[in-house]
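Reading the structure
Chain by chain, the residues:
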Amino acid sequence: MELFRNVNVDWMGKAKYFVAVSLILLAVGWASVARNHWSLNYGIDFRGGTLVYVRFSSAPPLDKIRKGLADAGLPNSSIQQISDISDPSSKNDVVIGLEQQGQGDEALDAGKQKIVDILHNSFGGGEAGKSDFNSITPADLAAYLTQKDPLGLGTNAGDRYNQLAQKLTGARDTSYGGIVSNFDQLKSVDGVTPGVLNSLSSGFSLGDFTIRNVDIVGPKVGAQLRRQAILATLYALGGMLVYIAFRFEWVYGAAAVIAVFHDVLITLGFFSLFHYEISLTVIAALLTLVGYSMNDTIVIFDRVRENLRLMKREPFADIVNKSINQTLSRTILTSGLTFLTVLVLYLMGGEVLRAFAFAMVVGVVVGTYSSFGIAAPIVVLWNKYRGSQGSPVRSGSAAGKREAAVARR
Amino acid sequence: MSSQLTWKFVLILIVILVCLFGIFGMNQNGPTFPTSGAVLKQNLADRIRLGLDLRGGSHLVLQVQVEEAIGQRCDQAIDQLHKQIRDKKIITGEIRRVDDSHILVRDVDPNTSGAFRDLVNNQFTDWSLSPAAGEQNGYLLTMKPSVMADFGKDAMDQSIEVITRRINALGLTEPTIAFTGRGADEILVELPGEGDPTRAKSVIQAGGQLQYNLLADDQTYPSQIAALAAHGGVLPPGSMIVPGSSEAAVPSDQQQVYYILDRAPIITGQDMRGATPEPSTSYPGQYDVKFTLSTAAAARFGPFTESNIGHRMAIVLDSKVHTAPTIQGRIDDSGVITGNFSQQSAQDLSLVLRAGALPASIKYLEERTVGPSLGADSIRAGVRASLGSIIVVMIFLVIYYRLSGVNAVVALILNLLILVAFMAYVGAVLTLPGIAGVILTIGMGVDSNVLVFERIREELRAGKAPAAAVEVGFDRAFLTIIDTHVTTIVSAVFLFLFGTGPVRGFAITLVIGLIANVFTSIYVSRAIFDFHLSRMDRQEQLSI
């Protein structure tokens with residue numbers, strides 16, 4: 001099976017349209033950044049603050065949560081309903097975000113504590129005097145079971161109750177997503193007898209919510225992480241620039257870096273447009289797309305380098321066109337498959353990976369396009385400029401000569 | 001098959017076996033041959049270490065207030081300086097602490113300034129001496145930077161030691177306590193499986209600095225001003241004002257009060273041999289902490305309490321008076337800390353006292369807790385997405401490249417096998433971004449194969465024989481693959497060096513995956529092609 005054969009497109013002749021498309025994409029994304037007072041949508045990793053991910057046993061009334069938060073003096077908190085990975089139609093999961101509270105010395109987790117207290121007051125934490133089964137740790141559960149000894153093992157209990165506690169909390173966390181609404185749900189757990197169930201229901205209540213995830217980042221750390229992420233990206237770009245300059249010519253390196261910079265800017269704009277937050281994981285995605293776009297650009301440049309040796313007389317722009325056409329089949333295939341991969345990730349990877357996958361979905365498209373739409377025209381333009389100066393950059397470096405030898409075989 | 005090709009396959013087989021052994025053939029007890037599915041699963045679980053985001057747990061970053069520890073050294077130096085100056089009959093004005101690492105000595109009598117300089121140069125070698133700017137006959141003592149760095153490092157090492165002891169005493173499983181590598185004063189604490197770190201946090205943060213001080217005047221004051229006023233506005237020499245709370249059976253009845261204490265402690269936490277919680281005798285339902293003293297401290301404490309019967313003694317914990325009971329009789333080698341403890345808080349305080357005091361206080365900078373149920377969900381979603389995309393990609397490759405596509409599928413599977421095995425051997429931790437790195441590795445792996453295959457097709461189209469087309473295809477694509485992979489590895493290395501947590505997890509899997517990919521998509525794939533070519537008829541077409 002073959003999709004592309006003998007393609008003959010004058011890519012460089014269309015360079016001005018590509019630039020126009022890029023400018024439009026940039027404008028669309030960054031107009032939304034501008035509306036946001038020129039600030040990117042940083043997540044709490046970079047901004048500092050508190051994020052509490054709560055799961056309820058049934059869809060919670062958001063108004064009630066909002067009111068509880070406002071009454072407690074936290075009116076600026078954000079409440080977001082998110083869908084669950086295993087059950088996209090469920091509306092039981094809520095993420096509550098708090099801005100960093102002042103810069104003072106107060107306890108970092110004061111905000112989290114407040115949220116938990118508010119939820120307890122608004123939704124009740126089960127019956128008074130009983131601990132909540134939905135938030136107990138295996139160790140505490142094991143201690144309780146050992147004390148009650150529902151299996152009547154006496155001193156022979158050994159490790160039995162530890163294992164049982166592990167199995168019970170395991171069933172709660174993996175089969176019921178962390179929240180058990182009825183003790184009978186635990187009937188089928190290996191080793192559970194009616195006695196165990198009795199002992200559980202007499203000693204524990206079943207709370208209506210469980211805290212699934214807490215992120216608290218101090219303001220100092222936020223700023224530090226932001227700086228570190230920017231530095232890591234710049235160093236990575238610098239490293240790639242040097243490597244490409246060494247393998248090709250410096251103008252190729254510069255063109256490739258400008259192209260990936262363009263990709264990152266467009267992706268950031270789209271992040272703002274679609275209200276995704278920039279977290280540490282998203283930075284990993286941005287860096288991935290940098291690598292991916294670079295990969296794509298190098299494949300084309302590599303072909304240009306080879307063709308320069310074979311076609312000594314033709315105009316530079318024609319050589320670049322031919323190189324893009326020759327690699328087009330590979331470009332479409334790889335990009336298509338990668339796009340498919342990240343699309344699966346976007347659809348199936350769950351809430352935690354959603355923003356990451358979004359960056360990749362946008363990045364794969366933009367990264368592929370920028371290789372022939374931005375990077376190649378820059379090299380052609382530079383060549384034209386140098387040509388008018390009398391010394392066009394045609395050949396590659398020493399490495400290029402070795403490759404030419406291989407190509408002629 | 002030529003002997004060279006045979007050797008290639010032998011090498012590939014060895015790699016596969018080593019990888020399989022690394023993933024499935026071992027568990028924490030050493031090599032164990034998997035005889036059943038359960039053992040296989042257990043081995044896999046033991047070998048692949050999951051990050052906190054996948055297994056659930058707490059991640060805490062805390063900052064040691066190192067300057068506090070340095071400030072304490074400064075205070076000690078000032079005390080010594082006072083003493084030495086008195087002994088050597090040097091005449092000076094005020095001696096003042098400017099900040100954590102500077103001491104200002106004013107108005108040194110010109111007749112004794114030589115003796116003063118000798119004293120500092122000979123006995124205060126941690127400090128450098130210079131004339132104070134804007135002062136006549138004034139001197140500035142500055143702590144030497146190397147000494148300051150040493151103190152700072154000592155404080156950090158000691159903090160890690162103390163925190164480790166405390167966490168181990170809490171009985172949490174497989175904790176990690178290490179430097180973050182981000183700031184020199186930051187410590188990372190990871191507690192796998194811990195869904196609510198509140199208790200661990202308070203135990204870590206407890207200062208644990210305990211001392212017994214005699215009350216200077218046996219009185220309790222409602223405010224600092226009242227305390228000062230009782231002494232005519234001047235503190236008695238060698239004393240200090242310390243806040244505390246009044247004693248009451250119910251905690252809510254307690255009020256803030258102030259005490260004037262002798263500066264020099266009678267005993268400190270270092271004099272302690274052990275501490276245990278026990279039910280309170282004076283307040284039913286509450287708990288006390290009982291401690292025993294070392295022999296040397298007991299020898300001091302016995303006579304001291306005997307000669308101070310009827311006086312009040314304050315139990316000061318982290319610069320706050322806990323209680324100030326009246327000494328009823330001689331106390332030799334044990335004591336009791338009373339004061340509204342619940343069973344758990346009494347237990348925690350005993351634990352902290354046993355583990356020793358922190359050299360400086362601690363602030364939390366970051367706290368991330370992933371509940372076990374979310375971790376389980378993430379794993380499922382991550383693995384499902386990875387498997388889903390791998391299968392889609394493989395089906396496509398076989399449809400598009402036919403037999404050669406099967407070749408690519410074999411190379412991809414081997415690529416993943418090497419990646420997972422390598423992570424198992426070096427003990428790398430698999431995180432959620434790590435799974436994303438795996439998915440990207442698949443993408444790059446596919447790209448390498450596509451590059452080679454497209455090139456071979458091109459050469460075939462140009463009229464080359466299958467064997468020649470394969471050779472040129474691999475040779476040409478090799479250079480491209482090296483360039484693209486090295487570029488990405490260069491950037492991933494920078495990510496690893498300068499990135500944090502999730503970014504690093506991603507970089508690790510990417511680098512390992514890419515190196516494995518170079519091996520599988522060039523070496524292995526080529527070997528399979530060569531094998532196929534060696535058995536092919538001259539006229540036969542390549543299935544690509």
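Calculation notes
Residues numbered from 1 in each chain as written. Chains lettered and ligands numbered in written order. Predicted model: local features only at pLDDT ≥ 70, side-chain atom pairs only at ≥ 80, totals over all residues. Helix = DSSP H or I, 4+ residues; strand = E, 2+ residues; numbered from the N terminus. Contact = placed C-beta atoms within 7 Å. Rg over C-alpha atoms; globule rule 2.2 N^0.38 Å. Buried ≥ 20, exposed ≤ 12 C-beta atoms within 10 Å, placed from the backbone. Domains from an automatic or database assignment. Pairing = 2+ DSSP bridges. pLDDT = per-residue confidence, 0-100. Nonpolar A, V, L, I, M, F, W, Y, C, P; charged D, E, K, R; others polar. Axes fitted to C-alpha atoms, helices over the stretch in contact; angles between N-to-C directions. Parallel < 35°, antiparallel > 145°, perpendicular 65-115°, else oblique. Core = buried A, V, L, I, M, F, W, Y, C linked by C-beta atoms within 7 Å. Expected span 1.5 Å × (residues − 1). Arc of directions from axis to C-beta.

1. Overview of the overall build of chain A
- Looking only at helices and strands, chain A features 13 helices and six strands.
- When contacts within chain A are restricted to residue pairs at least 6 apart in sequence, those whose partners lie at least 24 apart make up 77%.

2. Description of the overall build of chain B
- Check the secondary structure of chain B and you find 14 helices and 21 strands.
- Against the 2.2 N^0.38 benchmark of 24 Å for 544 residues, chain B shows a C-alpha radius of gyration of 35 Å, more extended than a compact globule.
- When its C-alpha atoms are laid out on the principal axes, chain B stretches across 115 × 65 × 40 Å.
- Here chain B, with 544 residues, has 41% of them falling under the buried criterion.

3. Quick look at the domain arrangement of chain B
- You can read the domains of chain B as domain 1 (67–148), domain 2 (206–368) and domain 3 (372–534).
- Put simply, the middle of domain 2 of chain B and the middle of domain 3 of chain B, counted by C-alpha atoms, are 64 Å apart.

4. Comments concerning the pairing of strand S3 (residues 93–99) of chain A
Residue and element names in this part refer to chain A.
- Of all seven residues in S3, five are buried, a share of seventy percent or more.
- Of the pairings in the sheet, the one linking strand S1 (residues 49–56) to S3 comprises seven bridges and is antiparallel in character. Across the sheet, leucine 51 pairs through a bridge with glycine 97, a residue of S3.
- Relative to S3, strand S2 (residues 78–82) runs antiparallel, the two being bridged by five bridges. Paired with glutamine 81 across the bridge in S3 is valine 94.

5. Considerations on unusual backbone geometry
- In this structure, A:Trp38 is a non-glycine residue whose phi angle is positive, near 55 degrees.
- With respect to the secondary-structure elements, A:Trp38 resides in the loop between helix H1 (15–35) and helix H2 (44–47).
- Exposure remark for A:Trp38: the 8 C-beta atoms within 10 Å place this residue in the exposed category.
- Despite not being glycine, B:Asn137 has its phi angle at roughly 60 degrees, a positive value.
- Locating B:Asn137 in the fold gives a position in the loop between strand S7 (127–131) and strand S8 (139–143).

6. Re the confidence of the model for chain A
- Looking at chain A, the pLDDT average stands at 82 and 90% of residues meet or exceed 70.
- Contacts from residues 395–409 of chain A, a stretch scored under 50 in pLDDT, to residues over four places away or in other chains number 23 contacts.

7. A look at the domain arrangement of chain A
Residues and elements named next belong to chain A.
- Taken domain by domain, chain A comprises domain 1 (12–43 + 218–408), domain 2 (49–124 + 212–216) and domain 3 (131–207).
- On the side of domain 3, four residues touch domain 2, which itself brings four residues to the contact.
- Looking at side-chain class alone, the side of domain 2 that touches domain 3 contains no nonpolar, two polar and two charged residues.

8. Here's the deal with the interface of chain B and chain A
- At the interface, 62 residues of chain B touch 68 residues of chain A.
- Only strand S20 (362–370), helix H11 (372–426), helix H12 (432–461), helix H13 (466–498) and helix H14 (501–534) of chain B provide two or more residues apiece to the side of chain B that touches chain A.
- Sorting elements by how many residues they give to the side of chain B that touches chain A places H11(B) first, with 17 residues.
- The residue inventory of the side of chain B that touches chain A, partitioned by class, reads 33 nonpolar, 17 polar and twelve charged.

9. Describing the sheet that holds S1(A)
- What the eight strands build is an open sheet, ordered S2(A)-S3(A)-S1(A)-S6(A)-S20(B)-S4(B)-S10(B)-S9(B); its pairing is antiparallel. At either margin of the open sheet sits one strand with a lone partner, and together these are S2 of chain A together with strand S9 (176–179) of chain B. Between one strand axis and the next, the sheet turns through 20 degrees on average, direction left out of account.
- Against the sheet, helix H7 (residues 198–205) of chain B engages strand S4 (57–64), strand S10 (186–192) and S20 of chain B, with an angle of about 160 degrees to S20(B).

10. What about the sheet that holds S8(B)?
All names here are of chain B.
- Strand order in this open sheet of four strands is S5-S6-S8-S7, and the pairing throughout is antiparallel. Every other strand in the sheet has two partners, leaving strand S5 (95–99) and S7 as the edge strands with one partner each. Sheet twist, expressed as the mean angle between neighbouring strand axes with direction ignored, is 25 degrees.
- Along the sheet, helix H4 (residues 66–87) contacts S5, strand S6 (102–105) and S7; its crossing angle with S5, the most-contacted strand, is approximately 165 degrees.

11. Thoughts on the environment of A:Ile378
Residue and element names in this part refer to chain A.
- Position of isoleucine 378 among the secondary structure elements: in helix H12 (residues 350–389).
- You can call isoleucine 378 partly exposed: it has 17 C-beta atoms within 10 Å.
- As a C-alpha pair, isoleucine 378 and serine 293 span 85 residues in sequence and 15 Å in three-dimensional space.
- Excluding residues within four positions of it along the chain, isoleucine 378 makes contact with Ala255 and Ile258.

12. Observations concerning the confidence of the model for chain B
- Mean pLDDT over chain B: 85, with 98% of residues reaching 70 or higher.
- This complex was scored by the predictor with a pTM of 0.76 and an ipTM of 0.77.

13. Side note on the packing of helix H10 (residues 280–310) of chain A against H12(B)
- Across the interface, H10(A) lies against H12(B) with an axial gap of 11 Å and an inter-helix angle of 10 degrees. By the angle between their directions, the pair H10(A) and H12(B) is classed as roughly parallel. Counting all contacts with H10(A), which are made through A:Thr281, A:Ala284, A:Thr288, A:Asn295 and A:Val299, the residues of H12(B) involved are B:Pro433, B:Ala436, B:Leu440, B:Asp447 and B:Leu451.
- For the contact of H10(A) with H12(B), the residue count by class is six nonpolar, three polar and one charged.

14. Description of the nonpolar core
- Residues A:Val320, A:Phe356, A:Ala359 and A:Met360 are the most contacted members of the largest nonpolar core, which totals 224 residues.
- The element best represented in this core is H11(B), accounting for 19 residues.
- The contacts of A:Met360, once residues within four sequence positions are left out, are A:Ala285, A:Thr288, A:Leu289, A:Val342 and A:Leu345.
- Listed in part, the 15 residues of the second largest apolar core include A:Ile136, A:Leu164, A:Ile179 and A:Val180.

15. Here's the deal with helix H1 (residues 3–24) of chain B
All names here are of chain B.
- Taking 1.5 Å per residue, 22 residues should reach 32 Å; H1 reaches 31 Å between its end C-alpha atoms and fits that length.
- Of the residues making up H1, those classed as buried are Cys19, Ile23 and Phe24. Looking straight down H1, one finds its buried side chains confined to an arc of 105 degrees; they lie on one side. Turned more than 90 degrees from where H1 packs its buried face, Ser3, Gln4, Thr6, Trp7, Val10, Ile14 and Leu17 sit exposed.

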